[in-house]
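Structural description and commentary
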Amino acid sequence: MHHLRTTVARLGPLAAAQTAQIAPQSRLLALERGTRTFQPVRSLRASVAAEPFLNGTSSNYVEEMYYAWLEDPRNVHKSWDIFFRNANAGAPPGAAYQSPPPLSGPSDGTMGVRALVGAQPNVEKLVKDHLAVQSLIRAYQVRGHHIAKLDPLGISCVDFDDAPCTVGLYGLTEGDLDKVFRLPASTFIGGNDSALPLREIIRRLEMAYCQHIGVEFMFINDLEQCQWIRQKFETPGIMQFSLEEKRTLLGRMIRSTRFEEFLQRKWSSEKRFGLEGCESLIPALKTIIDRSSQCGVESMILGMPHRGRLNVLANVIRKDLDQIFCQFDSKLEAADEGSGDVKYHLGMYHRRMNRVSDRYITLSLVANPSHLEAVDPVVQGKTKAEQFYSGDTEGKRVMSILLHGDAAFAGQGIVYETFHLSDLPSYTTHGTIHVVVNNQIGFTTDPRMARSSPYPTDVARVVNAPIFHVNADNPEAVMFVCNVAAEWRNTFHKDVVVDLVSYRRNGHNEMDEPMFTQPLMYKQIKKQKGVLQKFVEKLVAEGVITTQHYEEEVARYDKICEDAFAHSKDEKILHIKHWLDSPWPGFFTLDGQPKTMSCPSTGIREDELCHIGNVAASVPLEDFMIHGGLSRILKGRAHMVSKRVCDWALGEYMAFGSLLKEGIHVRLSGQDVERGTFSHRHHVLHDQNVDKRICIPMNSISPDQAPYTVCNSSLSEYGVLGFELGFAMASPNALVLWEAQFGDFHNTAQCIIDQFISSGQAKWVRQNGIVLLLPHGMEGMGPEHSSARPERFLQMCNDDSDVFPKVTGDFAVHQLYDCNWIVVNCSTPANYFHVLRRQILLPFRKPLIVFTPKSLLRHPEAKSSFDDMLPGTHFQRLIPDEGPAAVGPQNVKRVVFCTGKIYYDLIRERKSRGLEDAVAVVRIEQLSPFPFDLVKAEADQYQNADLVWCQEEHKNQGYYDYVKPRLRTTLNRTRPIWYAGREPAAAPATGNKHSHVTELQRLLDAAFDLETSPGKL
Ligand SMILES: Cc1ncc(C[n+]2csc(CCOP(=O)(O)OP(=O)(O)O)c2C)c(N)n1
Ligand SMILES: [Mg+2]
């Protein structure tokens, strides 16, 4: 490889040194191929100062020949053999070329080559012409898709230049058309022939690259992969189907088309985002599924937008039709808790026999919000998890399929972010098949206004995914590329894109008038014969089917729909539960309820704490040299274990380690999480002497422990959080955590937080236990990085601020069961330890939002004793004052309620003012669901005290707006409560250190000035 580069590098300047002359020439060639003619645009005449036959465009071909020559010098013409030998031997530019010896030797059976060569007096011309032919072949491979007839409407506004595929460009003339040329190793158009007349070469290239399929792949920088694709599309006669395959395809087209027609007949004014104009999507998906199943895939996870979703549910996933039809009945009562979602967002899970492969397959369509493409990383995460839990390390049994709209695929950045996960070790799903329903419109916007690239699919090029554009009005071509796509994924385990170039027969939805904005397009569409009709006519003409056969098939499917429709009227209740995309068998009772409504102690035995602590302090590998600074950290951990205390990092270690020991997989993902942004975690140790040698002590806790995954992610919040959410969907028996580098960065993942995490269960009756770790706190570091925006998370909590709840039974667990997510701000390592463990020990799953500290990571007082983590201990929703104030509550003049790190500022200030008897400081650790019961108990205990809410965040931020009504409800408005905190502000924090300190002191003064009450809450 290195050798190749040096040779090619030596060739480079030769080519560059030439001057290209653009010579206008008269029209040379017109081939008998329909409307297109070959126009010579320019010819390049090389200076003979260097190699006489090389020019800039030919160096690629030289490279290809060089590869072939490396394999076997006999693969190339003798003249090239000599050239490469000379070049390799260090011949200077201009001297490597020598006239080859006259060609002779045994016949190789090629068509007329010897005759041609023998008749060729000028070998230089022969080489030049061969190079020209190679250039032409390559031009078709690179740009044949520019010319392919991809658009069923014939109105595509992309104006590609077809000149590169004209022979004149390469210096060939009409007289060359019947000359025979030897074919290079980089083409398969010859089949069994190694040489062909130019006319036939062009015809075959046109067949392979310029019909209804456009193949975009030459940007892929892997020769084997390029060769594989060339073979798939160039081999003569490769696109042929048996009668049975054609009939199956017809059956699928009938189902796809008649399903939409049925819905249109029954519910003409209901939104369904029909598939009309791209009905071949259904056979496309079915082909991908069949072929993948034949290749051994057992589980396929799909994500898709609105367009054609009901059709996919009915005809691909095989959801019962009556279940789909009853969704149109507006009188159905909702049976499940939660608010539900519209029918074209719901998910689905189904296991069935695949008739083509004769194997069982599981298909699941992931529920999604309206936000286009947001589901992409979620599907990938779920796929990765299923691969992980089933030991499918290469993606041979589980795969993902993503569907896209053309406008969304090009426009939504999450597509790009998801593509960039595709090859990362801890995120790869080993190849996704993407299918774009490219109806050449997005709502009312046409592609000229919707993207700057010629195709909607260009984003896929960043990961070297081949892109197969196909005219969706040709179902056979669609089926062909889908087969190739499935085989590609199975062979290389890399992403691939199928671009179904189609149209949208109706408006954006069934109520929409497209003629307002796309009059010409829709005039054309109105004239357009339906794809099924065209296909049937073709099959009848070919004698594959009779009209009668077709009509019978249609009648049969229509009857299936009518019967299901009649059936659907019996449904009286709508069960969203029937639309679950990720059931967790065994976790719930049979009717989907938690098995208990209590939570055991989250503490663990002392010997376990010591053992895990010692692992955290050790390097389990021999001869492993760690950094000196890290040695000190590990020694510090060992010291803490001997003193029976934990800091934040060790508390986290205890939580993860103990869960792993109990067989719970733990996965921590996010930017720089392995070390920890604040250099406190160090879960992955790096040998200082051996490159890439690492050690993860967390995986050495116990021989039968669950695996621990800790992975630095790509720099994407939207993509990675979506991915981890999907990962957490697959199993309830895993602790899946995503850490933001700083809490404020979660805002670029807001869509995942709003549309999935806070509302997912309400919409899709699907639980999820994902944990978000969001570093938060004002450390005088400026407006960025200071706030994880607690106000936003708290605003989305569904607990009622105005109702004091009934406190019965295991109130804390019931409250958790009813909430949409849990929001905590722990002030001690022990409480952090407990809340992480509680995630798993709860009999149900809820997302957990943790505002994590920065300065507390090293704060000498932010440590917990092992005593607070032993069996019998729990997560504390509220931590009461445990000092002198609590001993004499009647003497307490003020109770300061707070949360998080401000607690440590408060107790320092209290101490310095000598107010430990007079002021109680109470920490609310679980902000939501709000610990009404515990807050009330605290307030009741200090009857003579005034009450203050203190926060370091600005008043319009942080917790203020959330706690205010809840504190008032708790106190039943019988006692006033005061506010000590920063004024409202636009930015989360000041950029000026001095202002920061002044503001902090001012709020501490307000909290402890017992003579004057601060402003009322
Ligand atoms: C993130 C996001 N922005 C805007 C919308 C509103 N919207 C719904 S469909 C649509 C057009 C989508 O076009 P395309 O991706 O081509 O799919 P098509 O409807 O043509 O199948 C838009 C803008 C949305 N659903 N999601
Ligand atoms: Mg579209």
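What counts and what doesn't
Residues numbered from 1 in each chain as written. Chains lettered and ligands numbered in written order. Predicted model: local features only at pLDDT ≥ 70, side-chain atom pairs only at ≥ 80, totals over all residues. Heavy atoms only, no water. Axes fitted to C-alpha atoms, helices over the stretch in contact; angles between N-to-C directions. Helix = DSSP H or I, 4+ residues; strand = E, 2+ residues; numbered from the N terminus. Parallel < 35°, antiparallel > 145°, perpendicular 65-115°, else oblique. Left-handed = near helix turned anticlockwise from the far one by under 90°. Contact = heavy atoms within 4.5 Å. Near = heavy atom within 4 Å. Polar contact = N/O pair within 3.5 Å; in protein donor to acceptor, adjacent residues only side chain to side chain. Areas by Shrake-Rupley, 256 points an atom, 1.4 Å probe, with all protein chains shown as cover. Nonpolar A, V, L, I, M, F, W, Y, C, P; charged D, E, K, R; others polar. Expected span 1.5 Å × (residues − 1). Buried < 20%, exposed > 50% of the residue type's maximum accessible area, 1.4 Å probe, protein only. Disulfide = S-S within 2.5 Å. Donors = N, O, S within 2.8 Å, 3.2 Å for Na, K, Ca; no water. Core = buried A, V, L, I, M, F, W, Y, C linked by side-chain atoms within 4.5 Å.

Quick look at the packing of helix α20 (residues 606–616) against helix α22 (residues 648–661) now. The contact between α20 and α22 brings their axes to 9 Å, and the two run at 110°. Taken as axis vectors, α20 and α22 run roughly perpendicular relative to one another. As α20 runs across α22, the sense of the crossing is right-handed. The segment α20 lies against α22, with Glu608, Leu609, Ile612, Gly613, Val615 and Ala616 engaging Leu650, Tyr653, Met654, Gly657, Ser658 and Lys661.

A few words on the site of ligand 1. Lining the immediate surroundings of ligand 1 are 15 residues, of which His306, Arg307, Asp406, Ala408 and Ile441 lie closest. Between ligand 1 and alanine 408, the relevant distance is 2.9 Å, taken from an oxygen atom to a main-chain nitrogen or oxygen of the residue. Interatomic distance of 2.9 Å between a side-chain N/O atom of asparagine 439 and an oxygen atom of ligand 1. Relative to its unbound accessible surface of 580 Å², ligand 1 loses 75% to contact with the protein. If you tally residues by element for the shell around ligand 1, the top one is helix α13 (residues 406–411), at 3 residues. Taken together, the residues of the shell around ligand 1 sort by class into 5 nonpolar, 8 polar and 2 charged.

So, about helix α16 (residues 475–492). Here α16 is 18 residues long and its end C-alpha atoms lie 25 Å apart, about the 26 Å a rise of 1.5 Å per residue gives. Burial analysis of α16 places 16 of its 18 residues in the buried class, which makes it a mostly covered element.

Further remarks concern the state of the cysteines. Across all of its chains, the model carries 0 disulfides by this definition. Cysteine 797 carries a free sulfur, and the closest cysteine sulfur to it, the one in cysteine 819, is 7.7 Å from it. What makes cysteine 797 buried here is its relative accessible area of 9%.

Taken together, the protein donors to the magnesium ion (ligand 2) comprise Asp406 (OD), Asn439 (OD1) and Ile441 (O), at separations of 2.0 Å. Mapping the donors of the magnesium ion (ligand 2) onto the primary sequence yields the spacing D-x32-N-x1-I. You can see aspartate 406 sitting in helix α13 and its partner isoleucine 441 sitting in the loop between β9 (432–438) and α15 (447–450), a full 35 residues away along the chain. Of the two residues, aspartate 406 and isoleucine 441, both sit in the buried class.

One finds Leu281, Phe325, Leu500, Ile757, Leu772 and Trp949 to be the most contacted residues of the largest nonpolar core, which totals 177 residues. What leucine 281 contacts, discounting residues up to four positions off in sequence, is Leu275, Val312, Leu403, Val435, Val437 and Leu500. Counting 55 residues, the second-largest nonpolar core is a separate cluster that includes Leu609, Ala616, Val641 and Met654.

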